[in-house]
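Read off the chains here:
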Amino acid sequence: MTTSSGATSIDERTIAIGSLQLDGGTTLPSVEQRVTIYGTPNAGASNVVLVPHALTGSSRAAEWWPGIVGEGALYDPQRWCVVGINALGSCYGSTGPGNRADFPRVTVRDIVRAQRATLSQLGIEHLAVVIGGSLGGMQALQWAIDAPERVEHAIVVGAHDHHSAMGIALNAIQRECLALDPVRGLRIARKLAMLTYKSEALLNERHGRKPDRNDASLFDIEGYLELQADRFTSRMDAASYATLTHAMDSFDVRLDDSSSYGGYGHVADTSALPKVTFVGISSDWLFRPQDVRDAAARLARRGYPARYTELESRHGHDAFLAEPQALSEQLKATID
């Protein structure tokens, strides 16, 4: 389906990529990927930007990341061809547990492997930029490691080169809630996740000990969490949520004794490696800025032209979504 918004073309379609070999050793048959494309590639296809989404996003990048994708944004479809691909295992059009009861665990590497096959089906073999936040940032980094010849610049926002013990623990608790009750559990999982996405300073500033504006028997923070749970359960599938949190937990592309499988390796020819920009968020306690900075340093030691920059924000991990204009200003210097 191709539509237009003003002078910008929007092409949304489902791409069949056939069977996919997974890291876990199984083969997933008849895989489909939901794709949204804003704008058109130029003659040399040198303007293509891939925007992998975070945990609960979709291929429609302009809807959830205004300021980064869209008219007048960092990646304006009048200049750039922006591609969004719904992650393998998600519930917004790509193959996942919602349409396969025996859906296996997948890794971030599997998700990127599916994206690579999808882009090849579209005739896109080279990317000017891969940019994503959180789980999307993990995917951007995986692209730089697994297919450096296909990427010029990877931008990793609010993510580092492995999921931490704290992140794994929080995801495990959320999945335990889902196992107890997929509906009520999804509500609780979302409430817990929302607390990890915000900073304590922001919650105190916005909510403090004020009564809820709609129900005086609740504190305002309770009402906020109820609202977020209501919105989330109307759009998210519990099985997909479990699948993608498992994928996040699997992510570890370091090469040291604490790595589960490593990924950077020793690169013989570093001259053709893509640039990698890591963006830490000052108030993020889920992906701490010091850990993002350390990841940039580790990648640089492997020969990648990696750099670190920090977004000042009180929004916590969610800053990449809550303050896209500030992020856009920070990243303008990275656009050639």
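As a reminder, the structure under discussion sits directly above these lines.
Here the structure is a predicted model, which is why all the values come from computation and not from measurement.

**Structural notes on helix α5 (residues 182-197)**
1) Next: Across its 16 residues, α5 extends 22 Å between first and last C-alpha, which sits within 8% of the 22 Å expected from 1.5 Å per residue.
2) Next: Residues of α5 that are buried include every one of Gly185, Leu186, Arg187, Ala189, Arg190, Lys191, Ala193, Met194, Thr196 and Tyr197, and no others.
3) Next: Looking at the buried positions of α5, the neighbouring elements they touch are α4 (165-180), α7 (220-233) and α8 (238-250).
4) Next: In this structure aspartate 181 caps α5, since a side-chain oxygen of it lies 2.9 Å from the backbone nitrogen of valine 183.

**Regarding the environment of glycine 67**
1) Next: Relative to the assigned elements, glycine 67 resides in the loop between α1 (61-64) and β5 (81-85).
2) Next: Sequence separation of glycine 67 and glutamine 325 is 258 residues, and the distance between their C-alpha atoms is 5.2 Å.
3) Next: Other than its neighbours up to four places away in sequence, glycine 67 contacts Ala73, Leu74, Pro324, Gln325 and Ser328.

**Considering the layout of surface pockets**
1) Next: By volume, the largest pocket amounts to about 730 Å³.
2) Next: Lining the largest pocket are 35 residues; nearest its centre among them are Thr56, Arg190, Arg235, Asp318 and Leu321.
3) Next: Every element with two or more residues in the lining of the largest pocket is listed here: α4, α5, α7, α8 and α10 (319-322).
4) Next: Looking at which element gives the most residues to the lining of the largest pocket, the answer is α5, with 5 residues.
5) Next: Here the residues of the lining of the largest pocket sort into 17 nonpolar, 12 polar and 6 charged.
6) Next: Of the volumes computed, that of the second largest pocket is approximately 160 Å³.
7) Next: What lines the second largest pocket is His207, Asp212, Arg213, Asn214, Leu218, Asp220, Gly223, Tyr224, Glu226 and Leu227.
8) Next: Its residues placed into classes, the lining of the second largest pocket shows 3 nonpolar, 3 polar and 4 charged.

**Thoughts on the nonpolar core**
1) Next: Judged by nonpolar contacts, the single largest core of 67 residues is most densely connected at Val83, Leu88, Leu141, Trp143, Tyr241, Val276 and Phe278.
2) Next: Counting residues per element, this core draws most heavily on helix α3 (residues 135-146), at 7 residues.
3) Next: Once residues lying within four places of it in the same chain are set aside, the contact partners of phenylalanine 278 are Leu141, Val156, Ala159, Val292, Ala295, Ala296, Leu299, Ala306, Arg307, Tyr308 and Thr309.
4) Next: Ile10, Val69, Val157 and Val279 belong to the second largest nonpolar core, which has 26 residues in total.

**Details of the pattern of salt bridges**
1) Next: With the rule as written, the count across this model stands at 19 salt bridges.
2) Next: Among the salt bridges present, the one from aspartate 146 reaches arginine 109, with a minimum N-O distance of 3.1 Å. Separated by 37 residues along the polypeptide, aspartate 146 in helix α3 and arginine 109 in helix α2 (residues 108-121) bring together distant segments of the chain.
3) Next: As a salt-bridge pair, aspartate 249 and arginine 175 come within 2.9 Å of each other at their nearest N and O atoms. On the criterion of sequence distance, the pair formed by aspartate 249 in helix α8 and arginine 175 in helix α4 is long-range, its members being 74 residues apart.
4) Next: Each member of the salt-bridge network shares a partner with another, and the members are Arg187, Lys191, Glu226 and Asp230.

**Examining the side chain of arginine 190**
1) Next: Its place among the elements puts arginine 190 in helix α5.
2) Next: With residues near it in sequence (within four places) discarded, arginine 190 still touches Thr56, Tyr197, Gln228, Ala229, Phe232 and Arg235.

**Some details on the packing of aromatic side chains**
1) Next: A full pass over the atoms with the stated rule returns 4 aromatic pairs.
2) Next: Ring centres of tryptophan 65 and phenylalanine 320 lie 6.0 Å apart, and the angle between their planes is 85°; this geometry places the pair in the edge-to-face category. With tryptophan 65 in the loop between α1 and β5 and phenylalanine 320 in helix α10, this pair connects stretches of sequence that are 255 residues apart. Grouping residues by exposure puts tryptophan 65 and phenylalanine 320 together as buried.
3) Next: On the numbers, 5.5 Å between centres and 80° between planes, the contact of phenylalanine 232 with tyrosine 241 is edge-to-face. You'll find phenylalanine 232 and tyrosine 241 in the same group, each marked buried.

**Comments concerning the packing of α4 against α8**
1) Next: It is at 10 Å that the axes of α4 and α8 come closest, and there the two elements cross at 160°. In terms of orientation, α4 and α8 fall into the roughly antiparallel class. Between α4 and α8 the crossing geometry is left-handed. Across from Gly167, Ile168, Asn171, Gln174, Arg175 and Leu178 in α4, the residues of α8 making contact are Ala238, Tyr241, Ala242, Thr245, His246, Met248 and Asp249.
2) Next: Looking at the contact of α4 with α8 residue by residue, the classes come out as 6 nonpolar, 5 polar and 2 charged.

**Regarding the packing of α2 against α3**
1) Next: Direction vectors running N to C along α2 and α3 enclose 70°, while the axes themselves pass 9 Å from each other. Relative to α3, the element α2 lies roughly perpendicular. In this structure, α2 meets α3 at a crossing whose hand is right-handed. On α3, the residues touching Val108, Arg109, Ile111, Val112, Gln115, Arg116 and Leu119 of α2 are Leu135, Met138, Gln139, Gln142, Trp143 and Asp146.

Conventions used here
- Residues numbered from 1 in each chain as written.
- Predicted model: local features only at pLDDT ≥ 70, side-chain atom pairs only at ≥ 80, totals over all residues.
- Heavy atoms only, no water.
- Helix = DSSP H or I, 4+ residues; strand = E, 2+ residues; numbered from the N terminus.
- Expected span 1.5 Å × (residues − 1).
- Buried < 20%, exposed > 50% of the residue type's maximum accessible area, 1.4 Å probe, protein only.
- Contact = heavy atoms within 4.5 Å.
- Polar contact = N/O pair within 3.5 Å; in protein donor to acceptor, adjacent residues only side chain to side chain.
- 1 Å grid on protein atoms, 1.4 Å probe; cavity = no way out; pocket = protein on both sides within 12 Å on 5 of 7 lines; lining within 4 Å.
- Points joined across faces, edges and corners; volume = space filled by probe spheres on them.
- Nonpolar A, V, L, I, M, F, W, Y, C, P; charged D, E, K, R; others polar.
- Core = buried A, V, L, I, M, F, W, Y, C linked by side-chain atoms within 4.5 Å.
- Salt bridge = Lys/Arg side-chain N within 4 Å of Asp/Glu carboxyl O.
- Phe/Tyr/Trp six-rings, centres within 6.5 Å; stacked < 30°, edge-to-face > 60°.
- Axes fitted to C-alpha atoms, helices over the stretch in contact; angles between N-to-C directions.
- Parallel < 35°, antiparallel > 145°, perpendicular 65-115°, else oblique.
- Left-handed = near helix turned anticlockwise from the far one by under 90°.

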